[in-house]
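Residue strings, one per chain:
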Amino acid sequence: MNIKISKNNYGDFGGEETAGGSNAPVNQEAAWPLWEVFIRSKQGLDHKHAGSLKAADAEMAIENARDVYTRRQEGVSIWVVESKHVHASNPDDAESLYEPAEDKIYRHPTFYDLPDEVKHM
Amino acid sequence: MRLHDFEKAFQEKIDKEIKIEPKDWMPDAYRKTNVRQISQHAHSEVVGMLPEGNWISRAPSLKRKAILIAKVQDEAGHGLYLYSAAETLGTSREQMISDLLSGKAKYSSIFNYPTLTWADMGAVGWLVDGAAILNQVMLCRTSYGPYARAMVRICKEESFHQRQGFESLLVLSKGTGEQKAMCQDAINRWWWPSLMMFGPKDSESTNSDQSMKWKIKRKTNDELRQAFVDMAAEQVKLLGMTLPDPELKWNEKRKHYDFGEINWEEFWSVVKGNGPCNKQRLEARNKAHKEGAWVREAALAHAAKKASREQRLEVRV
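These figures come from a predicted structure and were not determined experimentally.

(A) The overall build of chain B, seen in detail. For chain B, the count of helices and strands is 13 helices and two strands. Oriented by its inertia axes, the alpha-carbon framework of chain B measures out at about 75 × 55 × 35 Å. Going through the 317 residues of chain B one by one, you find that 53% of them count as buried. For chain B, long-range pairs separated by at least 24 residues make up 76% of all intrachain contacts whose partners lie at least 6 apart in sequence. If the 49 positive side-chain charges of chain B are averaged to one point and the 41 negative ones to another, these points end up 5 Å apart.

(B) Quick peek at the overall build of chain A. Secondary structure summary: chain A contains two helices and five strands in total. Counting over 121 residues, chain A shows a buried share of 25%. Looking at chain A alone, contacts between residues at least 24 apart form 37% of all its contacts between residues at least 6 apart. In the form shown here, chain A has an accessible surface area of approximately 9100 Å², with 52% of it arising from carbon and sulfur atoms.

(C) Here's a closer look at the nonpolar core. Of all hydrophobic cores here, the largest spans 93 residues; its most connected members are Leu-53 and Tyr-69 of chain A together with Tyr-30, Trp-126, Trp-190 and Trp-191 of chain B. Among the elements that make up this core, the one with the highest residue count is helix α6 (residues 119-139) of chain B (11 residues). Those residues in contact with Tyr-69 of chain A that sit more than four places away from it in its chain are Val-37, Ile-39, Ala-50, Gly-51, Ser-52, Leu-53 and Glu-74 of chain A together with Leu-80, Tyr-81 and Arg-153 of chain B.

(D) Structural detail: the interface of chain A and chain B. With 38 residues of chain A in contact, the opposing surface of chain B contributes 45 residues. Interface of chain A and chain B: buried area, both sides summed, is about 3400 Å²; carbon and sulfur atoms make up 52% of it. Connecting chain A to chain B are eight salt bridges. When the shortest N-O distance is used, the salt bridge between Glu-157 of chain B and Arg-71 of chain A registers 3.3 Å. Of all the secondary structure elements, the ones that give two or more residues to the side of chain A that touches chain B are β2 (16-18), β4 (47-54) and α1 (58-69) of chain A. By residue class, the composition of the side of chain A that touches chain B is 17 nonpolar, 11 polar and 10 charged.

(E) Focus on the side chain of Arg-218 of chain B. All names here are of chain B. With respect to the helices and strands, Arg-218 occurs in the loop between α9 (208-213) and α10 (221-239). One polar contact links Arg-218 to Glu-17, side chain to side chain, over a distance of 2.6 Å. Here the side chain of Arg-218 touches Arg-141 through a polar contact of 2.5 Å, landing on its backbone oxygen. Setting aside residues no more than four positions away along its own chain, Arg-218 makes contact with Glu-17, Met-138, Arg-141, Thr-142 and Met-212.

Cut-offs used in this document
Residues numbered from 1 in each chain as written. Chains lettered and ligands numbered in written order. Predicted model: local features only at pLDDT ≥ 70, side-chain atom pairs only at ≥ 80, totals over all residues. Heavy atoms only, no water. Helix = DSSP H or I, 4+ residues; strand = E, 2+ residues; numbered from the N terminus. Buried < 20%, exposed > 50% of the residue type's maximum accessible area, 1.4 Å probe, protein only. Contact = heavy atoms within 4.5 Å. Lys, Arg positive; Asp, Glu negative; His and termini not counted. Charge placed at Lys NZ, Arg CZ, Asp CG, Glu CD. Areas by Shrake-Rupley, 256 points an atom, 1.4 Å probe, with all protein chains shown as cover. Core = buried A, V, L, I, M, F, W, Y, C linked by side-chain atoms within 4.5 Å. Buried area = accessible area lost by both parts, 1.4 Å probe. Salt bridge = Lys/Arg side-chain N within 4 Å of Asp/Glu carboxyl O. Nonpolar A, V, L, I, M, F, W, Y, C, P; charged D, E, K, R; others polar. Polar contact = N/O pair within 3.5 Å; in protein donor to acceptor, adjacent residues only side chain to side chain.

Given below as structure tokens:
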């Protein structure tokens, strides 16, 4: 599909050009694996999930994570783990997994009514 | 549960402002709309590097060069966040990139306009990034979790983009006669395409209704466009410049600026691939992708070799 068009208002490019789009076949080259990135924002805090990226190996994953996720001093330490190694719970199991906790309010300190005179508790 | 019940439960979640996460059930059209929108958004970040990359080696000072490099690097990162978000919906990076390179996938038409002078870097930052930010701030609250999280990260980084652009124009606006003229010329050329960034009018937009109901979008094209005009019409005064619209006028009754009609013929022409730079942009992307192929392959081969060497060492120990 090659549509010849005339120059538009803003261009300084040629008098006539072909509209964008080629019919190149889908690239079949092997893909880099996906990694999950965890960043510790400062000493004393947990590593927290920051996002994911593609890299050929762990070393490159850390280098890329540094470039992508810590350009503004967001981190002092990086963990990377290949995404395929992350096992996740199934959302369909949410009810059986998490709902039993809902009626166990006695697990929270606010459940217990104590007189105001009790200090430091 | 029947399909209908799933859809009802899904909509109830949306209505209750519960975010949708990758493994949750979602209607096929919701998945498709998000893949389309997120990948288009990612492509826009990637192609958006091209008009600016052109000026890195031509920046007027080391300071401006460093700023521009930082901005372009941010945009590469934003593309990555968004590709990752789209991948959680089951599409692959390779598929998305292939669709971009073949011209099948769209990206924001704004990047099909050329950057002719240095002042364009300022105007792009102020107007183009300014328009993008309005859209992106809204998307921080979009209903699909990974997309919303990517947008939060992007918004944090994006505000410097707009501020540096405005500041750069401010410097030009206080410069020589030639610099002032260059500043006004850039504003003149970027104003209307920036308004087009918000897309067709609400009355013409095909995706808007359902996207609002699913809370993918939370404001309509026209609402966002009006907010942008109201902001820019005031900001331009600080530059001592004007916006190229004789119909731009404060409407006391509406408490908004009235503005002239967009050239929709031009809008659709650029969307359909006939903008001034559509061809260059795609050629540049294709060239970069092709020339980078050996690097991607070499990195994989290196990783495989290193892994097998480590394995051998382990066996020996």
